[in-house]
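This is what each chain is made of:
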Amino acid sequence: MLRDKIYIASDHGGYKLKNELCAYFKNNAISYEDLGAYNDKSCDYADYAHLLASKIDSNSFGILICGSGIGISIGANRHKNIRCALCNESLSAKLARKHNDANVLALGGRLLGTDLAIDIVTNFINTDFDGGRHKKRIEKIEVC
């Protein structure tokens, strides 16, 4: 289920992988907006997690990248209506969408190669939420 737009952001640890994913999006005519970082100088992952989370709506996905994906995913998940899943392989990305209706994907820029990251992203953005029994579970998370 490709949505209208993909927002992508990283800190310095995810800068290289972010640029590789942006090139992939551009080459495949996938609509995206790069929210930074725009160089590899040290910066704070939380700033990018908060910026991207503020942009997400029902017609968009987010992709966040820091060195490990851990810190940036924690930052994003502090926001209401954000369900950020840290995925290091494709099945988790697919299940994050099918069962958890994740709307933001976190990746570790120092842990993943470009080909694997593209496969993870492709599975994430092209998988629909199953709804049904999973919707009830998501609603229990949303009350927090």
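Residues numbered from 1 in each chain as written. Predicted model: local features only at pLDDT ≥ 70, side-chain atom pairs only at ≥ 80, totals over all residues. Heavy atoms only, no water.

Under an unreviewed UniProt entry, the name given to the protein is Allose-6-phosphate isomerase / ribose-5-phosphate isomerase B, and the source organism is Campylobacter avium LMG 24591. Quoted verbatim from the Sequence similarities (unreviewed entry) field of UniProt, the annotation for the protein is "Belongs to the LacAB/RpiB family." (UniProt positions renumbered as here; feature names shortened; annotations may be inferred.)

Trainee: Teacher, can you tell me more about a nonpolar patch on the surface here?
Mentor: On the surface, Ile70, Ile74 and Leu86 cluster together to form a nonpolar patch covering roughly 260 Å² of accessible area. By the element assignment, Leu86 lies in strand β4 (residues 84–86). (Patch = residues over 30% accessible without salt bridge, like charges linked within 9 Å, V, L, I, M, F, W, Y side chains within 5 Å. Areas by Shrake-Rupley, 256 points an atom, 1.4 Å probe, with all protein chains shown as cover. Salt bridge = Lys/Arg side-chain N within 4 Å of Asp/Glu carboxyl O. Helix = DSSP H or I, 4+ residues; strand = E, 2+ residues; numbered from the N terminus.)

Trainee: Would you explain the packing of aromatic side chains in this entry?
Mentor: Scanning the entire structure with this criterion turns up three aromatic pairs. Following the ring pairs from residue to residue traces out a cluster consisting of Tyr24, Phe25 and Tyr32. (Phe/Tyr/Trp six-rings, centres within 6.5 Å; stacked < 30°, edge-to-face > 60°.)

Trainee: Can you help me understand the UniProt feature "active site" (unreviewed entry) in the protein in this one?
Mentor: On the UniProt side, "active site" (unreviewed entry) is annotated at positions that read Cys66 and His99 here. For this annotated set, covering 34 residues, the C-alpha atoms extend up to 24.5 Å from each other, a dispersed arrangement in space. With respect to the helices, strands and loops of the structure, Cys66 is situated in strand β3 (residues 60–66). Using a relative accessible area of 4% as the deciding quantity, one classes Cys66 as buried. For His99, the position within the fold is in helix α4 (residues 90–100). According to the relative accessible area criterion, His99 is partly exposed, its value standing at 28%. When near neighbours in sequence (up to four residues on either side) are disregarded, His99 contacts Phe129, Asp130, His134 and Ile138. (Buried < 20%, exposed > 50% of the residue type's maximum accessible area, 1.4 Å probe, protein only. Contact = heavy atoms within 4.5 Å.)

Trainee: Honestly, the pairing of strand β5 (residues 104–108) in this entry has me stumped. Any pointers?
Mentor: Remark: a regular strand shows side chains that alternate across the two faces of the sheet. When you tally the buried positions in β5, you get five out of five residues, the bulk of the element. Burial along β5 is two-sided: Val104, Ala106 and Gly108 facing one way and Leu105 and Leu107 facing the other are all buried. With five bridges joining them, β3 and β5 adopt parallel strand pairing. Residue Gly62 lies in a different strand from β5, and its bridge partner there is Val104. Of the pairings in the sheet, the one linking β4 to β5 comprises three bridges and is parallel in character. Within β5, the position partnered with Leu86 by the bridge is Ala106. The parallel pair β4 and β5 is bridged by α4, and the resulting crossover is right-handed. (Pairing = 2+ DSSP bridges. Right-handed = clockwise from strand over helix to strand, strands pointing away.)

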